[in-house]
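The residues making up each chain are set out below.
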Amino acid sequence: ALPGPLGITRRAPDLYEHAQTEEQDQVLPGLMDEMRWLDCYALAVMEENACMGRVVTAPTNGASGIVPATLTYYMRHLRHRQRENRR
């Protein structure tokens, strides 16, 4: 749960498991699959930020989940598809 009096539970782990299951079952190919992964990674970063964890917010300084989510998606899902000399 996230710290504070509201007792909000983290949602990112469930989204991650759901995205993995859908990827294996090929339920939502294409754009929706990409959006699900980006949402999952961005939410995980924002939840870590809410827990006062270490998050690098540069260069966005407010939308702390966007840049790390995009980079994580690239490293985990797209990088292996590019040739070594094109990275």
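Residues numbered from 1 in each chain as written. Predicted model: local features only at pLDDT ≥ 70, side-chain atom pairs only at ≥ 80, totals over all residues. Heavy atoms only, no water.

A. Expanded view of the overall build of the protein. Helix and strand counts for the protein stand at 3 helices and 0 strands. When the helices and strands of the protein are read in sequence order from the N terminus, they spell out α-α-α. Going through the 87 residues of the protein one by one, you find that 21% of them count as buried. In the protein, 49% of the contacts between residues at least 6 apart in sequence involve partners at least 24 apart. Counting only carbon and sulfur atoms, one obtains 55% of the accessible surface of the protein, whose full area is about 6500 Å². (Helix = DSSP H or I, 4+ residues; strand = E, 2+ residues; numbered from the N terminus. Buried < 20%, exposed > 50% of the residue type's maximum accessible area, 1.4 Å probe, protein only. Contact = heavy atoms within 4.5 Å. Areas by Shrake-Rupley, 256 points an atom, 1.4 Å probe, with all protein chains shown as cover.)

B. Spotlight on the packing of aromatic side chains. Counting across every chain of the model gives 2 aromatic pairs. Here Y16 and W37 contribute two aromatic rings whose centre-to-centre distance is 5.5 Å and whose plane-to-plane angle is 75°, an arrangement assigned as edge-to-face. With Y16 in helix α1 (residues 12-25) and W37 in helix α2 (residues 31-50), this pair connects stretches of sequence that are 21 residues apart. Take Y16: its relative accessible area is 29%, and that puts it in the partly exposed class. (Phe/Tyr/Trp six-rings, centres within 6.5 Å; stacked < 30°, edge-to-face > 60°.)

C. Spotlight on the nonpolar core. Membership of the largest hydrophobic core is limited to 6 residues, which are A19, W37, Y41, A42, A69 and Y73. The set of elements that each furnish at least two residues to this core consists of α2 and α3 (66-78). With 3 residues, α2 is the single largest residue contributor to this core. Residues in contact with A19, not counting those within four places in the same chain, are R36 and W37. (Core = buried A, V, L, I, M, F, W, Y, C linked by side-chain atoms within 4.5 Å.)

D. Highlighting the side chain of E47. The topology assignment puts E47 in helix α2. Of the buried charged residues, E47 lacks a salt bridge, with R10 as the closest side chain of opposite charge at 4.2 Å. Looking at E47, its side chain comes within polar contact range of the main-chain nitrogen of A12, at 3.4 Å. Sequence-distant contacts of E47, defined by excluding residues within four places in its chain, comprise L2, R10, R11, A12 and P13. (Lys, Arg positive; Asp, Glu negative; His and termini not counted. Salt bridge = Lys/Arg side-chain N within 4 Å of Asp/Glu carboxyl O. Polar contact = N/O pair within 3.5 Å; in protein donor to acceptor, adjacent residues only side chain to side chain.)

E. Representation of the side chain of H77. Within the secondary structure, H77 is located in helix α3. At 2.9 Å, the side chain of H77 and the side chain of Y41 are in polar contact.

F. Quick peek at the environment of I8. Within the secondary structure layout, I8 lies in the segment before α1. Among the residues examined, I8 registers a relative accessible area of 43% and is labelled partly exposed. Residues in contact with I8, not counting those within four places in the same chain, are A1 and L2.

G. Just α3, in detail. For α3, which comprises 13 residues, the first-to-last C-alpha distance of 17 Å matches the rise-based estimate of 18 Å (1.5 Å per residue) to within 8%. Those residues of α3 that sit buried are A69, Y73 and H77. Buried residues of α3, viewed axially, fall in a sector of 35°; they line one side. (Expected span 1.5 Å × (residues − 1). Arc of directions from axis to C-beta.)

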